[in-house]
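# Remarks on the overall topology
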Amino acid sequence: MSKDLYRNTLVPLKVNGKSMTTPAININTKLLVPLKEVLESVGAMVKINESFTNATVRMNDFSLEIASGETQVTISVPVSMTLRLDHPVLFEEDEIFVSVRLALTVLKAKLGREAEAGIVTIETLPEKDLKVTSPAFEAWGNIPHKFVQHSVGGENISLPIKWTGAPTNTNSFAVVVYDAHVLPEYWVHWAVVNIDSNTMEMAENAAERLTGQQQIKPYYGMQPAELTGDHAYQIAVYALDIERVEIPNQVVFFEDIAPILESHTLASGTLVSFFQS
């Protein structure tokens, strides 16, 4: 086993509710997941060569080849895309450890956690969810610099967000943008509640026009610490069964607001995106 794996933290992992026998690895705050077990758990065919230096992955809607030490991988989908990885690929004991970003991208999934148990979760986004998009970037793509903090080269302008597919009995919407990374502990960058049920988008820089009653956590652009790799910024939209939701305490972390919103949720959806310093 490599020195990297000896000196870093093992993290229990679930994929679509199923516990993986091989844990993920937190290497200097960069999360690597066991790609072979993760993808085989959803029906992919993964073949590693005899020298444990290369692997091929085949599934219905994508394929890829990956090699030890690589820092990028080309995914063959209807249109091929090259994904840069925040840590070199590791082959260890009949397994392939890769940046969690690759798993999220090919599975069209979001990151979560069971905080008390210390478990990281990967959940494929259901097609029946609200569809959340942004005209400024693609799902599982990179957030443009204009939306991040000044200290990392941005303008701190709030993200444009759109959503479709809400139930007809929706009474209001809520939007929460948070950093699903081990280091900031799911820190919330923006939280807006009591959005009118006829509204289906937040325009670029909408934060400047929102009141304090709606914007319970003012927009704070992405500002990941240097050398901590890709941060998954997740934009969650909730269709609620009430017109006004009361959040009694200050919102700092996702767990401060998510249970309250989920108790009134008719439908929800998530847009996953990335940024690194």
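Above this text you will find the structure in question.
A brief look at the structure comes next. Every chain's residues receive numbers from 1 upward, in the order its sequence appears when written. For this predicted model, a pLDDT threshold of at least 70 governs which residues receive local features, and a threshold of 80 or more governs which side-chain atom pairs are given and counted, while totals over whole chains, interfaces and linings are taken from all residues. In computing side-chain values, all of the structure's heavy atoms are included and hydrogens and water are not.

Further remarks concern the packing of aromatic side chains. Each pair of aromatic rings taken from Phe, Tyr and Trp, with Trp reduced to its six-membered ring, is defined by centres within 6.5 Å and is described as stacked if the planes are under 30 degrees apart, edge-to-face if over 60, and tilted in the remaining cases. Summed over the entire model, instances satisfying the criterion amount to five aromatic pairs. Residues Trp163 and Phe173 carry aromatic rings whose centres are separated by 5.4 Å and whose planes lie at 55° to one another, so their mutual orientation is tilted. Taken together, the positions of Trp163 in strand β16 (residues 161-164) and Phe173 in strand β17 (residues 172-179) put the pair 10 residues apart, joining distant regions of the chain. Across the pair, Phe173 and Trp163 agree in class, each one buried. An aromatic cluster of three or more residues is present, and its members are Tyr178, Tyr186 and Phe254. One cation-aromatic arrangement involves Arg113 over Tyr186; the distance from NZ or CZ to the ring centre is 4.6 Å. Comment: the charge-over-ring label is applied if NZ (Lys) or CZ (Arg) is within 6 Å of the ring centre and within 35 degrees of the ring normal. The lysine or arginine in question, Lys217, covers the ring of Trp187, its NZ or CZ lying 3.9 Å from the ring centre. Put simply, DSSP marks the helices as runs of H or I at least four residues long and the strands as runs of E at least two long, and each gets a number from the N terminus on. Relative accessible area decides the class of each residue, using a 1.4 Å probe on protein chains only: under 20% of the type maximum gives buried, over 50% gives exposed, and in between gives partly exposed.

Looking now at unusual backbone geometry. For Lys108, which is not a glycine, the phi torsion comes out positive at approximately 50°. Turning to its location among the elements, Lys108 is positioned in the loop between α3 (100-107) and β13 (109-114). Judged by its relative accessible area of 42%, Lys108 is partly exposed. We note that Trp140 has phi near 65°; this positive angle belongs to a residue other than glycine. By secondary structure assignment, the location of Trp140 is in the loop between β15 (131-133) and β16. Look at Trp140 and you get buried, because its relative accessible area is 15%.

Moving on, we get to the side chain of Gln234. Summarising the element assignment, Gln234 is placed in strand β21 (residues 231-240). Residue Gln234 is classed as buried on the basis of its relative accessible area of 0%. Separated by 2.7 Å, the side chain of Gln234 and the backbone nitrogen of Leu111 make a polar contact. Among the polar contacts listed, one links the side chain of Gln234 to the side chain of Tyr178, at a separation of 2.8 Å. In this description, contact between two residues means that some pair of their heavy atoms is separated by no more than 4.5 Å. Residue contacts for Gln234: discarding those within four places in its chain leaves Lys110, Leu111, Val176, Val177, Tyr178, Ala180, Thr270, Leu271 and Val272. By the criterion applied in these results, polar contacts are pairs of N or O atoms within 3.5 Å in which, for protein atoms, one can donate a hydrogen and the other can accept it, and in which residues neighboring in sequence qualify only through two side-chain atoms.

For this document, the term salt bridge refers to a Lys or Arg side-chain nitrogen within 4 Å of an Asp or Glu carboxyl oxygen. Per the counting criterion, the structure on display carries six salt bridges. With a shortest N-O distance of 3.4 Å, Glu40 and Lys36 are connected by a salt bridge. With Glu40 and Lys36 both in helix α2 (residues 35-40) and four residues apart, this pair spans about one turn of that helix. Accessibility expressed as a relative area gives 35% for Glu40, which makes it partly exposed.

Looking now at the side chain of Glu95. Structurally, Glu95 can be placed in strand β12 (residues 95-99). Charge counting treats Lys and Arg as positive and Asp and Glu as negative, with His and both chain ends excluded. The side chain of Glu95 sits in the buried core without any salt bridge; Lys36 is the nearest counter-charge, 6.1 Å away. A polar contact is formed between the side chain of Glu95 and the backbone nitrogen of Lys36, at a distance of 2.8 Å. Here Glu95 is in contact with Thr22, Pro34, Leu35, Lys36, Glu37, Ile48 and Leu90, once residues within four sequence places are set aside.

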